[in-house]
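A structural walkthrough
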Amino acid sequence: MQIKSPMFGSAEVPEDKVIEFPLGLPGFEECRRFALVHEEGGEPEVFLLQSADDPAVAFSITLPARLGVNLEFQLSDEEVALLKLASPEQAAVAVIVRKEDAEASGPASTGLRANFIAPLVINVEARVGLQKVINRLGCEITLRAQG
């Protein structure tokens with residue numbers, strides 16, 4: 001499958017590497033097929049989740065652990081079925097990150113904002129994902145020291 005990205009140009013992505021989001025993403029429900037794209041070489045810290053349905057739709061994502069954060073939340077039975085999860089080990093959790101507006105950032109800012117309240121959950125074996133919108137009462141967020 002040919003994927004077009006404004007950042008990386010055109011890339012050929014095997015069909016078995018495409019991640020399907022059956023419900024789309026909130027606000028982008030028409031975008032259901034995505035590919036993870038990154039620059040060649042080294043261990044990427046941030047990936048581009050590029051829509052195969054609309055080249056203009058792409059999200060920067062990273063693992064919460066890369067930001068020193070541990071997320072714990074529960075999935076409903078419907079979400080487990082949608083993701084085709086047989087075990088928790090099949091699931092990968094990622095968060096969407098974006099650059100902070102220059103006007104909104106202060107001197108203590110890192111320049112990035114991460115959406116911990118709506119993480120992406122992806123079954124890495126079945127290549128199926130969803131965006132889990134959680135309330136703060138149903139989620140445990142802990143920071144770990146980086147060193």
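Structure shown above.
Residues numbered from 1 in each chain as written. Predicted model: local features only at pLDDT ≥ 70, side-chain atom pairs only at ≥ 80, totals over all residues. Heavy atoms only, no water.

Counting secondary structure elements, the protein contains one helix and twelve strands. Secondary structure elements of the protein occur, N-terminal to C-terminal, as β-β-β-β-β-β-β-α-β-β-β-β-β. For the protein, with 147 residues in total, the buried portion stands at 35%. Counted over contacts in the protein with a minimum sequence separation of 6, partners at least 24 positions apart contribute 53%. Here the protein displays about 9200 Å² of accessible surface, and carbon together with sulfur accounts for 52% of that area. (Helix = DSSP H or I, 4+ residues; strand = E, 2+ residues; numbered from the N terminus. Buried < 20%, exposed > 50% of the residue type's maximum accessible area, 1.4 Å probe, protein only. Contact = heavy atoms within 4.5 Å. Areas by Shrake-Rupley, 256 points an atom, 1.4 Å probe, with all protein chains shown as cover.)

Attention now moves to the packing of aromatic side chains. All chains considered together, the criterion is met by three aromatic pairs. Considering the side-chain rings of Phe21 and Phe34, the 5.3 Å spacing of their centres and the 80 degrees angle between planes classify their relative orientation as edge-to-face. On the criterion of sequence distance, the pair formed by Phe21 in the loop between β3 (19-20) and β4 (33-37) and Phe34 in strand β4 is long-range, its members being 13 residues apart. Exposure remark for Phe34: the relative accessible area of 0% places this residue in the buried category. With 5.2 Å between their ring centres and 80 degrees between their planes, Phe28 and Phe59 make a pair best called edge-to-face. With Phe28 in the loop between β3 and β4 and Phe59 in strand β6 (residues 58-62), this pair connects stretches of sequence that are 31 residues apart. Judged by relative accessible area, Phe59 falls into the buried class, the value being 13%. Joined through ring pairs, the aromatic side chains of Phe21, Phe28, Phe34 and Phe59 make up one cluster. (Phe/Tyr/Trp six-rings, centres within 6.5 Å; stacked < 30°, edge-to-face > 60°.)

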